[in-house]
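Each chain, written out:
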Amino acid sequence: MVQDGVWRPTRLTTEQLAERRAAAARFFPRVRDRRLRQIDVARILGVSRESISRWYAEWCAGGVAAREPRPKTERPPLLDDAAWQRLVCILEQGAEHAGFDTDRWT
């Protein structure tokens with residue numbers, strides 16, 4: 001996505017998100033000394049003012065280490081590799097072989 005003449009990807013990797021938070025932290029001493037405003041940092045990095053405000057508060061409370069990447073909390077997959085292989089095999093054999101009346105998966 002191009003915004004204000006600058007390309008801003010819609011999805012960032014975990015590493016890119018951590019990089020962006022670290023970049024924000026490098027601006028925070030200037031924000032603290034009132035040489036730079038939070039909104040300016042938000043514009044430079046392409047994030048919301050709310051995010052910068054939250055990151056700044058965390059930085060003030062614990063420094064750069066407070067912005068380490070968070071562990072992924074997504075739900076673990078329900079199927080392991082073996083189950084995926086069985087599913088692929090069933091799909092390749094067709095719906096009739098799996099016990100359906102026709103060969104259409106509906």
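In the block above lies the structure referred to throughout.
Here goes a summary of the coordinates provided. It should be emphasised that the depicted structure is a prediction, and the values quoted were computed from it without experimental measurement.

**Points about the overall build of the protein chain**
Here comes step 1: A count of helices and strands for the protein chain gives four helices and two strands.
Here comes step 2: Of the regular secondary structure in the protein chain, the N- to C-terminal order runs β-β-α-α-α-α.

**Structural notes on helix H3 (residues 49-62)**
Here comes step 1: Look at H3: 20 Å from first C-alpha to last across 14 residues, which is about the 20 Å you get at 1.5 Å a residue.
Here comes step 2: Those residues of H3 that fall on the buried side of the exposure criterion are Ser 51, Ile 52, Trp 55, Tyr 56 and Trp 59. Along the axis of H3, the buried residues cluster in a sector spanning 130°; they form a single face. In H3, the exposed positions angled more than 90 degrees off the buried face are occupied by Glu 50 and Ala 61.
Here comes step 3: In this structure, the buried residues of H3 make contact with helix H1 (14-32) and helix H2 (38-45).

**Some thoughts on the pattern of salt bridges**
Here comes step 1: Following the criterion strictly, the structure yields three salt bridges and no others.
Here comes step 2: A salt bridge links Arg 32 to Asp 33; its shortest N-O distance comes to 3.6 Å.
Here comes step 3: The partly exposed category is assigned to Arg 32, whose relative accessible area is 47%.
Here comes step 4: A residue is classified by how much of its surface remains accessible, and Asp 33, at 42% relative accessible area, is partly exposed.
Here comes step 5: Two residues, Asp 33 and Arg 35, come together in a salt bridge whose shortest N-O distance is 3.5 Å.
Here comes step 6: Among the charged side chains, a network of salt bridges with common partners joins Arg 32, Asp 33 and Arg 35.

**Describing the packing of aromatic side chains**
Here comes step 1: Under the counting rule described, the total for this entry stands at four aromatic pairs.
Here comes step 2: Ring centres of Phe 28 and Tyr 56 lie 5.2 Å apart, and the angle between their planes is 75°; on these two criteria the pair is classed as edge-to-face. Linking Phe 28 in helix H1 with Tyr 56 in helix H3, this pair joins segments that are 28 residues apart in sequence. Note on accessibility: Phe 28 and Tyr 56 belong to one class, buried.
Here comes step 3: Every member of this aromatic cluster is reached through a ring pair, and the members are Phe 28, Tyr 56 and Trp 59.

**Section: the environment of Glu 58**
Here comes step 1: Within the secondary structure, Glu 58 sits in helix H3.
Here comes step 2: Since its relative accessible area comes to 22%, Glu 58 is described here as partly exposed.
Here comes step 3: In the structure, Glu 58 is positioned 33 residues away from Ala 25 in sequence and 9.9 Å away in space, judged by C-alpha atoms.

**Details of the packing of H1 against H3**
Here comes step 1: Orientation of H1 relative to H3, taken along the N-to-C sense of each, is 75°, at an axis distance of 10 Å. Comparing their axes, H3 and H1 come out roughly perpendicular. Two secondary-structure elements touch here, H1 through Arg 20, Arg 21, Ala 24, Ala 25, Phe 28, Pro 29, Val 31 and Arg 32 and H3 through Ile 52, Trp 55, Tyr 56 and Trp 59.
Here comes step 2: Its residues assigned to classes, the contact of H1 with H3 shows nine nonpolar, no polar and three charged.

So, how was this worked out
Residues numbered from 1 in each chain as written. Predicted model: local features only at pLDDT ≥ 70, side-chain atom pairs only at ≥ 80, totals over all residues. Heavy atoms only, no water. Helix = DSSP H or I, 4+ residues; strand = E, 2+ residues; numbered from the N terminus. Expected span 1.5 Å × (residues − 1). Buried < 20%, exposed > 50% of the residue type's maximum accessible area, 1.4 Å probe, protein only. Arc of directions from axis to C-beta. Contact = heavy atoms within 4.5 Å. Salt bridge = Lys/Arg side-chain N within 4 Å of Asp/Glu carboxyl O. Phe/Tyr/Trp six-rings, centres within 6.5 Å; stacked < 30°, edge-to-face > 60°. Axes fitted to C-alpha atoms, helices over the stretch in contact; angles between N-to-C directions. Parallel < 35°, antiparallel > 145°, perpendicular 65-115°, else oblique. Nonpolar A, V, L, I, M, F, W, Y, C, P; charged D, E, K, R; others polar.

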